[in-house]
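Below, each chain spelled out in residue letters.
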Amino acid sequence: MATFLEQVETIRQAALAELGQAADLAALEQARVNHLGVNGQFTSLMKQLGALPKEEKPAAGKLINQAKVELEKILGEKRADLELKASLPKEPTDFTLPGRRRTLGKLHPLTQVTEDIVRSFRKLGFVVADGPEIEDEYHCFDALNTPADHPARDSQDTFYLAAPAPAPNAAPGTPKRQLLRTHTSSVQIRVMKKQAPPVRIIVPGRVYRRDNADATHNPTFHQIEGLYVDRNVTVGDLKGTVDFVFRELLGADVKLRFRPHYFSYTEPSYEIDFTSPLVRKMGKDWLEIAGCGMVHPQVFENVGYDPEVWTGWAFGFGIERIAMIRYGINDIRLFYENDVRFLKQF
Ligand code: DAH
């Protein structure tokens, strides 16, 4: 016949197995009642203890207590585990489902316009790229073929950081003064340096200029940059793309006009003017809305693309400008004051 100590061990093993197999909280509770409850196996072992010869009692009592402590600990851990499992959703989560409609608050009008622009470009296969707002002269100017004596680099126009730190990824021997980016064009350089062509990106983001605040200027505003690089890209592609997006944004009755211009990073370069009933309502014939052009071969050289193989176009336009036209707003500062009476209208 098994000794008392062997019986304790058998019951301990059985209890361990039952706890281990419990697949839910109910099964776990049943295992607890069976073994550790008032009428459970261990309680009856304790009762039998009294009948043992005196010299066997201490060892047997100790063994029972150790087993109980061990089982209580395992029970606690298993319960926490099963409770966590029970709180998780039964179905796997589908992260592609549309989100719930927000019950409170609204997106800022500039966010709404940005999202609309991004949505339009996505239809044409563009993806969103991003870059730092604290930039260096290399990415903001040099690599874009903007010479050191260009007025855009003047501290009258550009916010420079007080303590210059060496910028990451700057080409050897290039100036490393840090600044707040004056345009999103710097991201063209960052993307092309990282990625082999073809490239089809748009870059929405905040830019900074030392413009004095008045009704149409603010020291920070937002731009969307676009860059398309592939073989045999033409000005026709540029026009078609811009045309498509502006019709989507501002209505089928918009008209665009490409006016020759100069940018150091494109050749030829244009400014895009546009008109629509909305513009005429604001008392204007044409509004300048974007700069653009065919990527300058020197820019391709600077990022290591072969200009004999690759062609491309780029553009940049102001998001506030588009939002102002779309909503008939004549003071840019309204966007930044966060007056709920203003924001509620969008
Ligand atoms: N960076 C210009 C600006 O801030 C806009 C611009 C013009 C961007 C021509 C371009 C471009 O990519 O090709 O005014």
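If you're wondering where the values come from, they're calculated on a predicted model, not measured in any experiment.

**Regarding the site of the ligand**
So, step 1. Taken together, 15 residues are adjacent to the ligand, and H183, R209, Q223, E225 and Y265 come closest.
So, step 2. Residue Q223 places a side-chain N or O atom 2.9 Å away from an oxygen atom belonging to the ligand.
So, step 3. Take F315: an N or O atom from its main chain is 3.3 Å from an oxygen atom of the ligand.
So, step 4. Protein contacts shield 90% of the accessible area of the ligand, which totals 350 Å² for the unbound molecule.
So, step 5. When atoms are counted within 2 Å of each cavity's grid points, the one that captures over half of the ligand is the largest pocket.
So, step 6. Secondary structure elements with two or more residues in the shell around the ligand: β5 (220–230), β8 (287–295) and β9 (311–318).
So, step 7. Classifying every residue of the shell around the ligand by side-chain character gives 5 nonpolar, 8 polar and 2 charged.

**Concerning the pairing of β9**
On any regular strand, side chains alternate: one points to one face of the sheet, the next to the other face.
So, step 1. Among the 8 residues that make up β9, 7 are buried, leaving the element largely enclosed by the rest of the structure.
So, step 2. Here β5 runs beside β9; their pairing, made up of 8 bridges, is antiparallel. Bridging across to β9, Y228 finds its partner in W313.
So, step 3. Direction of pairing for β8 relative to β9: antiparallel, over a ladder of 5 bridges. Bridge pairing in β9 places A290 opposite F317.

**Some details on the packing of aromatic side chains**
So, step 1. In the structure shown here, the tally under the stated rule is 16 aromatic pairs.
So, step 2. Considering the side-chain rings of Y228 and W313, the 5.3 Å spacing of their centres and the 65° angle between planes classify their relative orientation as edge-to-face. Here Y228 is found in strand β5, whereas its partner W313 is found in strand β9, with 85 residues between them in sequence.
So, step 3. Assessed through its relative accessible area of 15%, Y228 is described here as buried.
So, step 4. Taking 5.7 Å as the distance between ring centres and 70° as the angle between the ring planes, the aromatic pair formed by F258 and Y270 counts as edge-to-face. Within this pair, whereas F258 is found in strand β6 (residues 255–263), its partner Y270 is found in strand β7 (residues 266–275), the two being separated by 12 residues in sequence. Y270 shares its class with F258; the two are buried.
So, step 5. Following the ring pairs from residue to residue traces out a cluster consisting of F121, F126, Y228, F246, F274, W313, F315 and F317.
So, step 6. Sitting over the face of the ring of F258, K239 holds its NZ or CZ atom 5.1 Å from the ring centroid.
So, step 7. The residue whose ring lies beneath R257 is W286, and the NZ or CZ to ring-centre distance is 4.3 Å.

**Description of the layout of surface pockets**
So, step 1. Taken as a whole, the largest pocket holds about 1,200 Å³ of empty space.
So, step 2. What lines the largest pocket is a set of 48 residues, among which R209, F221, Q223, E271 and E288 lie closest to the centre.
So, step 3. Contributions of two or more residues to the lining of the largest pocket are made by β5, β6, β7, β8, β9 and α11 (319–327).
So, step 4. With 7 residues, the top contributor of residues to the lining of the largest pocket is β8.
So, step 5. Of the residues that constitute the lining of the largest pocket, the class distribution is 18 nonpolar, 20 polar and 10 charged.

Here is what the cut-offs are and how they apply
Residues numbered from 1 in each chain as written. Predicted model: local features only at pLDDT ≥ 70, side-chain atom pairs only at ≥ 80, totals over all residues. Heavy atoms only, no water. Near = heavy atom within 4 Å. Polar contact = N/O pair within 3.5 Å; in protein donor to acceptor, adjacent residues only side chain to side chain. Areas by Shrake-Rupley, 256 points an atom, 1.4 Å probe, with all protein chains shown as cover. 1 Å grid on protein atoms, 1.4 Å probe; cavity = no way out; pocket = protein on both sides within 12 Å on 5 of 7 lines; lining within 4 Å. Sits in = over half its atoms within 2 Å of the grid points. Helix = DSSP H or I, 4+ residues; strand = E, 2+ residues; numbered from the N terminus. Nonpolar A, V, L, I, M, F, W, Y, C, P; charged D, E, K, R; others polar. Buried < 20%, exposed > 50% of the residue type's maximum accessible area, 1.4 Å probe, protein only. Pairing = 2+ DSSP bridges. Phe/Tyr/Trp six-rings, centres within 6.5 Å; stacked < 30°, edge-to-face > 60°. Lys NZ or Arg CZ within 6 Å of the ring centre and 35° of its normal. Points joined across faces, edges and corners; volume = space filled by probe spheres on them.

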